There are 2 protein chains.
Amino acid sequence: MNDYFQSKASLQSKKDRTRAAIIDSAINIIAKKGFQKSSIQEMAKNAGIANGTFYNHYKDRKSIFEDVANLIAIELVKVIEENEVKTKKPAQKLINSTKQFIKRSVQVPEWGLIFLEAADFSVRLEKDISKFLIKDIKSGIRDKSFLVKYDDFLVEQIMIIVLHSISHQLENGINKQITDKTINAILRILNYKK
Amino acid sequence: MNDYFQSKASLQSKKDRTRAAIIDSAINIIAKKGFQKSSIQEMAKNAGIANGTFYNHYKDRKSIFEDVANLIAIELVKVIEENEVKTKKPAQKLINSTKQFIKRSVQVPEWGLIFLEAADFSVRLEKDISKFLIKDIKSGIRDKSFLVKYDDFLVEQIMIIVLHSISHQLENGINKQITDKTINAILRILNYKK
DNA sequence: ATAATAATTGAGACTACTCTCATTTTTATA
DNA sequence: TATAAAAATGAGAGTAGTCTCAATTATTAT
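Draft legend 1. Broad picture of the interface of chain B and chain A. Taken together, the contacts link 21 residues of chain B with 21 residues of chain A. Roughly 1900 Å² is buried in total at the junction of chain B and chain A, and carbon and sulfur atoms are behind 62% of that figure. In terms of surface lost to chain A, no three residues of chain B exceed F153(B), H164(B) and R188(B), which account for 33% of the buried area on that side. One can count two salt bridges joining chain B with chain A. The residue K181(A) makes a salt bridge to D151(B) at a minimum N-O spacing of 2.7 Å. At the surface where chain B touches chain A, the tally comes to seven residue pairs in polar contact (both at pLDDT 80 or more). Elements with a contribution of two residues or more to the side of chain B that touches chain A: α1 (14-37), α8 (152-172) and α9 (176-189) of chain B. Ranked by residue count, the leading element in the side of chain B that touches chain A is α8(B), at eight residues. Of the residues that constitute the side of chain B that touches chain A, the class distribution is eight nonpolar, seven polar and six charged.

Draft legend 2. Local environment of the protein's contact with DNA strand C. Around DNA strand C lies a shell of 18 residues, among which T18(A), A50(A), T53(A), N56(A) and Q41(B) are the nearest. What you see for DNA strand C is that sugar and phosphate hold 69% of its atoms within 4 Å of the protein. One of the side-chain nitrogen or oxygen atoms of H57(A) is found 2.8 Å away from a phosphate oxygen of DNA strand C. Contacts to DNA strand C include I40(B), whose backbone N or O atom sits 3.1 Å from a phosphate oxygen. The set of elements that each furnish at least two residues to the surface near DNA strand C consists of α1 (14-37) and α3 (51-57) of chain A together with α2 (40-47) and α3 (51-57) of chain B. Looking at which element gives the most residues to the surface near DNA strand C, the answer is α3(A), with four residues. The residue inventory of the surface near DNA strand C, partitioned by class, reads four nonpolar, nine polar and five charged.

Draft legend 3. Structural context of the packing of aromatic side chains. What the rule picks out here adds up to 14 aromatic pairs over all chains. Considering the side-chain rings of F101(A) and F115(A), the 5.4 Å spacing of their centres and the 90 degrees angle between planes classify their relative orientation as edge-to-face. Separated by 14 residues along the polypeptide, F101(A) in helix α5 (residues 90-107) and F115(A) in helix α6 (residues 109-121) bring together distant segments of the chain. You can call F101(A) buried: its relative accessible area is 1%. Residue F115(A) is classed as buried on the basis of its relative accessible area of 1%. Relative to F121(B), the ring of F35(B) lies with its centre 5.5 Å away and its plane at 75 degrees, an arrangement referred to as edge-to-face. Of this pair, F35(B) sits in helix α1 while F121(B) sits in helix α6 (residues 109-121), placing them 86 residues apart in sequence. Residue F35(B) is classed as buried on the basis of its relative accessible area of 4%. Through pairs of rings, three or more aromatic residues link up here, namely F35(A), F65(A) and F121(A). Stacked on the ring of Y150(A), the Lys or Arg K138(A) has its end atom at 4.9 Å from the ring centre.

Draft legend 4. Local environment of the nonpolar core. Counting residues in each nonpolar core, the largest one holds 122 residues, and the members touching the most others are I64(A) and I64(B). Those residues in contact with I64(A) that sit more than four places away from it in its chain are I22(A), I23(A), A26(A), M43(A), F54(A) and Y58(A).

Draft legend 5. The arrangement of the domain arrangement of chain A in detail. All names here are of chain A. In terms of domains, chain A is made up of domain 1 (14-58) and domain 2 (75-189). One C-alpha centre belongs to domain 1, the other to domain 2, and the line joining them spans 30 Å. If you look at the interface, domain 1 gives six residues, while domain 2 gives six residues. Summing both sides of the interface, domain 1 and domain 2 together bury roughly 580 Å²; the carbon and sulfur share of this comes to 81%.

Draft legend 6. Quick peek at a positive patch on the surface. Together, R188(A), K193(A), R188(B) and K193(B) line one region of the surface with positive charge. Position of R188(A) among the secondary structure elements: in helix α9 (residues 176-189).

Scoring rules and cut-offs
- Residues numbered from 1 in each chain as written.
- Chains lettered and ligands numbered in written order.
- Predicted model: local features only at pLDDT ≥ 70, side-chain atom pairs only at ≥ 80, totals over all residues.
- Heavy atoms only, no water.
- Contact = heavy atoms within 4.5 Å.
- Buried area = accessible area lost by both parts, 1.4 Å probe.
- Salt bridge = Lys/Arg side-chain N within 4 Å of Asp/Glu carboxyl O.
- Polar contact = N/O pair within 3.5 Å; in protein donor to acceptor, adjacent residues only side chain to side chain.
- Helix = DSSP H or I, 4+ residues; strand = E, 2+ residues; numbered from the N terminus.
- Nonpolar A, V, L, I, M, F, W, Y, C, P; charged D, E, K, R; others polar.
- Near = heavy atom within 4 Å.
- Phe/Tyr/Trp six-rings, centres within 6.5 Å; stacked < 30°, edge-to-face > 60°.
- Buried < 20%, exposed > 50% of the residue type's maximum accessible area, 1.4 Å probe, protein only.
- Lys NZ or Arg CZ within 6 Å of the ring centre and 35° of its normal.
- Core = buried A, V, L, I, M, F, W, Y, C linked by side-chain atoms within 4.5 Å.
- Domains from an automatic or database assignment.
- Patch = residues over 30% accessible without salt bridge, like charges linked within 9 Å, V, L, I, M, F, W, Y side chains within 5 Å.
- Areas by Shrake-Rupley, 256 points an atom, 1.4 Å probe, with all protein chains shown as cover.
- Lys, Arg positive; Asp, Glu negative; His and termini not counted.
- Charge placed at Lys NZ, Arg CZ, Asp CG, Glu CD.

Listed below in structure tokens is the structure:
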């Protein structure tokens, strides 16, 4: 089993450590089986705790899913923010952020898989991630790099193109050409003129 | 509950009629809850048969899902074939088929929902539907309507744009503008020159 | 070291299924 | 109508899960 949060130095109290063990266990199992098929029984066993202990940390089944999905989303957003490029060209910014996001999602497959899983369930989560897209798309339209009218549906389309790229690479292996083709499709949809 | 196959005149034998009742019941329940959460118990009850009767018709849980998914796919493919336009312009053919497919998938929401559900699970099913796309895309590239290189990933991208359109309209109501925006995005991805 | 507090434990009550099979009922056939 | 064949029944064995709680163990503060 891989560790994600358990290894963090900040975990002092017993409670924190147990919680981190549950989360790491959950990430591994959810990535393998999806939310629907992941059981508390298995998570507890995998985390090395008793079944009942789980309920000191989470109210119920749903809570752990929400927590895990949020943690992954936060980590992925962090990656995008940390790697924002300095250029003022919105198209370049969009390309960079998208590449970073795809790269990180497939580099740690568990994160990518859970993000895809969660994107299906929670609209909010997808919104968190698409924020960074929207900003660049809007300023690209403003400065006439993208010759389209802004539209929420357009953002959704671009978002699913990105999710599809992640899904494809998680299934068939990391492939930069696929990421490039993804960027191409996005720029075409946005009617990008250099 | 809506009837889909039960009402067909061709159902003579008791066995056929019971089977159709199971399928109709399954369609209604799967459309509401998805494959994962649909139980045989509920399907049997909903179909007005005893639990054990189900197993005279289907080996197990998985079999009914496969059967339902295939039936829906067959119906949807039929719709596309019946509505093929006579024109020789591949772009026009592609636009027409795509519109028809989206239209029918959202017109009978149960079909659309199950198709989306099944597309997630079964690669084969998505292939069945994308066949009609591939034909038109290839001939469009051949006659230089689409200025791109053919590529399986490209077809996948177009397919998910279509699925997303269906999913959006099933959630927010039928909307022709959304279908138009979908067609636009597809033509842009294909680098369509009139 | 002791008491108080926090965390963990695992048995078990409860629910919700899947699938089997001996029996009964219905339908088709002679 | 009597018989054979087909179909349907539903009780129940088996499995897998969620969540609770009284008892136990570990941790922290005095």
